[in-house]
Amino acid sequence: MDQIDDLLAYNKSWAERAKTDDAQYFDRMADKQNPSILWIGCSDSRVPPSVITGAKPGVMFIHRNIANLAVHSDISFLAVLEYSVDVLKVDHIVVAGHYNCGGVKAACSHEPAPDMVDHWIQHIRDIKRMYQSELDAITNPKNRENRLVELNVIEQIRNIANTTTVRRSRKRGASLKLHGLVYDTATGELQRLIES
Ligand SMILES: [Zn+2]
């Protein structure tokens, strides 16, 4: 048995359990989705959104990338955002960052990351430059990195609020709420940073 066999074996017992608990469960799931939350998180394996929040299948539409970025030129993110807001009509958009984020660490380092990653994390380096004086005032390197994790979340919330999709939706009167959260990989706790 390799690791994938383990995953498949777990999945089989999970599906059987779900059917035993609720005979119509998969009939409802197969029909359509109606999530109320768009979750934008980091690809980091330690931050699985459904596990850390207990959100059941069908509750969250999820987009993940390195360091939970909402980049205006990223067509994948823009398509997810548009589909979530205009078609699925979610009520909440969450950006969840996390301490000990490899993407943020790499942006703090003077060593270049692998080519494509290095290109991607330029967005975080830009944020670092925007808040240079605030960050320079933090003498402890770990605290400085943690603050950059938080500032990155705050800036992604601002990016999302400035997208055509969100501005148009709010103009139409949709009650769309944006939430910036941070997860601590050392304690398992998720905290609120900003609401918009
Ligand atoms: Zn990360």
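A brief structural summary. Along each chain, numbering runs from 1 in the same order as the chain's sequence is written. For this predicted model, a pLDDT threshold of at least 70 governs which residues receive local features, and a threshold of 80 or more governs which side-chain atom pairs are given and counted, while totals over whole chains, interfaces and linings are taken from all residues. Each side-chain value is derived from all of the structure's non-hydrogen atoms; neither hydrogens nor water enter the calculation.

## A word on the overall build of the protein chain
1) Next: Counting from the N terminus, the helices are the DSSP runs of H or I reaching at least four residues and the strands are the DSSP runs of E reaching at least two. In terms of regular secondary structure, the protein chain is built from ten helices and five strands.
2) Next: Taking the principal axes of its C-alpha atoms as reference, the protein chain extends roughly 60 × 50 × 30 Å.
3) Next: Partly exposed residues are those whose accessible area sits between 20% and 50% of the maximum for their type, while under 20% is buried and over 50% is exposed, using a 1.4 Å probe and protein chains only. Residues counted as buried form 40% of the 196 residues belonging to the protein chain.
4) Next: In what follows, residue pairs with any heavy atoms lying within 4.5 Å of each other are defined as contacts. Looking at the protein chain alone, contacts between residues at least 24 apart form 60% of all its contacts between residues at least 6 apart.
5) Next: Summed over its atoms, the accessible surface of the protein chain is roughly 11400 Å², and 53% of this surface lies on carbon and sulfur atoms.
6) Next: Taking the average place of the 24 positive charges on the side chains of the protein chain and the average place of its 25 negative ones, the gap between the two points comes to 7 Å. Surface accessibility in these figures is a Shrake-Rupley result with a 1.4 Å probe; residues are shielded only by whichever protein chains are displayed. Neither His nor the chain ends contribute to the count of charged residues, in which Lys and Arg are positive and Asp and Glu negative. Note that the charge is assigned to NZ on lysines, CZ on arginines, CG on aspartates and CD on glutamates.

## Some remarks on the coordination of the zinc ion
1) Next: Summarising the metal site, the zinc ion is bound by the protein donors C42 (SG), H98 (NE2) and C101 (SG), whose distances to it range over 2.1 to 2.3 Å.
2) Next: Excluding water, the donors of a metal are its N, O and S neighbours within 2.8 Å, or within 3.2 Å for Na, K and Ca, and that exclusion means sites may look incomplete. Ordering the donors of the zinc ion by residue number gives the pattern C-x55-H-x2-C. Of this pair, C42 sits in strand β1 (residues 37-42) while H98 sits in strand β3 (residues 92-98), and the two are 56 residues apart along the sequence. The pair C42 / H98 is uniform in exposure class, with both members buried.

## Quick notes on unusual backbone geometry
1) Next: At N68, a position not held by glycine, the phi torsion is positive, near 45°.
2) Next: Its place among the elements puts N68 in the loop between β2 (60-65) and α4 (75-87).
3) Next: Residue classification places N68 among the buried positions, given a relative accessible area of 2%.
4) Next: One non-glycine residue with positive phi stands out, namely N100, at about 65°.

## Things to note about the pattern of salt bridges
1) Next: Salt-bridge detection follows one rule: a side-chain nitrogen of Lys or Arg within 4 Å of a carboxyl oxygen of Asp or Glu. Under the criterion given, the structure shown has twelve salt bridges.
2) Next: A salt bridge links R158 to E155, with the nearest nitrogen and oxygen atoms 2.9 Å apart. Of this pair, R158 and E155 both sit in helix α9 (residues 141-161), three residues apart, which is roughly one turn of that helix.
3) Next: The salt bridge partner of R192 is E195, with a shortest N-O separation of 2.8 Å.
4) Next: According to the relative accessible area criterion, E195 is partly exposed, its value standing at 47%.
5) Next: Each of the salt bridges in this network shares a partner with another, and the network as a whole consists of K105, K142 and E145.

## What to know about the packing of aromatic side chains
1) Next: Any two of the Phe, Tyr and Trp rings considered here, Trp counted by its six-membered ring, make a pair once their centres fall within 6.5 Å; the pair's planes then place it as stacked at under 30 degrees, edge-to-face at over 60, or tilted in between. A complete count under the given rule lists three aromatic pairs for this structure.
2) Next: One aromatic cluster in this structure is built from W14, Y25 and F26.

## Digging into the sheet that holds β1
1) Next: Read across the open sheet, the five strands follow the order β2-β1-β3-β4-β5; overall the sheet is mixed. The sheet is open, and its two borders are formed by β2 and β5 (190-195), each paired with just one other strand. With direction set aside, neighbouring strand axes in the sheet form an average angle of 25°.
2) Next: Across five bridges, the pairing between strand β4 (residues 177-183) and β5 is antiparallel. Bridging from a neighbouring strand, H179 pairs with E195 of β5. In this description, strands pair whenever DSSP reports at least two bridges between them. Between the N-to-C directions of two axes lies an angle of 0 to 180 degrees, each axis being a line fitted to C-alpha atoms and, for a helix, fitted only over the stretch in contact.

## Quick notes on the pairing of β4
1) Next: Most of β4 sits out of view: six of its seven residues are buried.
2) Next: As judged from the seven bridges shared by β3 and β4, these two strands associate in the parallel manner. Counterpart to I93 in the pairing with β4 is L178.
3) Next: Turn length for the β4-β5 hairpin, with the two strands adjacent in sequence and antiparallel, is six residues, and the turn residue G188 shows positive phi of about 80°.

## Here's the deal with the nonpolar core
1) Next: Ranked by internal contacts, the top residues of the largest apolar core, which has 21 residues, are L38, I40, L81, I93, I160, L176 and L178.
2) Next: Leave out the neighbours within four places in its chain, and I40 touches H63, N68, L69, F77, I93, V94, V95, A96 and I160.
3) Next: To define a nonpolar core, start from buried Ala, Val, Leu, Ile, Met, Phe, Trp, Tyr and Cys residues and group those joined through side-chain atoms within 4.5 Å. C101, L148, L151 and V182 belong to the second-largest nonpolar core, a separate cluster that totals 19 residues.

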